[in-house]
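Take a look at the letters that make up each chain.
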Amino acid sequence: MKSYGDARRFLGLVYMGVISLLLLGLLIGDNLYIAMMPFEGFSDSQYTLFFLLVWFLFSFPFDLIGGYVLPKKYGRSIEDLGPWLLKWVRGAGVQLLYF
């Protein structure tokens, strides 16, 4: 059985690999502009907000596994899902403000 650190490292590598392959596919497929600008009539700030919201939704499963599932599995947390989700929303909101 993997240690907690090994599981976190593996999850991080998978996350970075998935994002890298996704972005590489967009660049190679010459679809980056289409992927970034799917809706006509959006302002630059609306596109930026749309991109960040999609980014957070894409990252959520990895955050859930790394921040809730793994600590629960390895006995490092006794927190329930509801309070954890509230903390995640607050943290994602602060991160959105920084971005």
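Residues numbered from 1 in each chain as written. Predicted model: local features only at pLDDT ≥ 70, side-chain atom pairs only at ≥ 80, totals over all residues. Heavy atoms only, no water.

(A) Looking closely at the overall build of the protein. In terms of helices and strands, the protein carries 4 helices and 0 strands. When its helices and strands are written in sequence order, the protein yields α-α-α-α. A buried classification covers 18% of the 99 residues belonging to the protein. Here the contacts in the protein between residues at least 6 apart in sequence split such that 59% fall between residues at least 24 apart. Put simply, the protein shows about 7,500 Å² of open surface, and 70% of that area lies on carbon and sulfur atoms. (Helix = DSSP H or I, 4+ residues; strand = E, 2+ residues; numbered from the N terminus. Buried < 20%, exposed > 50% of the residue type's maximum accessible area, 1.4 Å probe, protein only. Contact = heavy atoms within 4.5 Å. Areas by Shrake-Rupley, 256 points an atom, 1.4 Å probe, with all protein chains shown as cover.)

(B) Spatial organisation of the nonpolar core. The biggest cluster of nonpolar side chains holds 7 residues, and these are Tyr4, Ala7, Leu11, Tyr15, Ile19, Phe62 and Leu70. Elements represented by at least two residues in this core include exactly helix H1 (4-28) and helix H3 (44-73). Among the elements that line this core, the one with the most residues is H1, at 5 residues. Leu52, Trp84, Trp88 and Ala92 belong to the second-largest nonpolar core, a separate cluster that totals 6 residues. (Core = buried A, V, L, I, M, F, W, Y, C linked by side-chain atoms within 4.5 Å.)

(C) Representation of the packing of aromatic side chains in the model. In the structure shown here, the tally under the stated rule is 6 aromatic pairs. Centroid distance Phe60 to Trp84: 6.4 Å. Interplanar angle 50 degrees. Geometry classified as tilted. Taken together, the residues span a long stretch of sequence, with Phe60 in helix H3 and Trp84 in helix H4 (residues 81-98) at a distance of 24 residues. Judged by its relative accessible area of 25%, Phe60 falls in the partly exposed class. An aromatic cluster of three or more residues is present, and its members are Phe60, Tyr68, Trp84 and Trp88. (Phe/Tyr/Trp six-rings, centres within 6.5 Å; stacked < 30°, edge-to-face > 60°.)

(D) Examining the packing of H3 against H4 more closely. It is the contact of H3 with H4, at a shortest axis distance of 11 Å, that shows an interaxial angle of 140 degrees. One finds that H3 runs oblique with respect to H4. Note on packing geometry: the crossing formed by H3 with H4 is right-handed. Between H3 and H4, the contacting residues are Leu49, Leu52, Phe56, Phe60, Asp63, Leu64, Gly67 and Tyr68 on the first element and Leu81, Trp84, Leu85, Trp88, Ala92, Gln95 and Leu96 on the second. A per-class count over the contact of H3 with H4 returns 12 nonpolar, 2 polar and 1 charged. (Axes fitted to C-alpha atoms, helices over the stretch in contact; angles between N-to-C directions. Parallel < 35°, antiparallel > 145°, perpendicular 65-115°, else oblique. Left-handed = near helix turned anticlockwise from the far one by under 90°. Nonpolar A, V, L, I, M, F, W, Y, C, P; charged D, E, K, R; others polar.)

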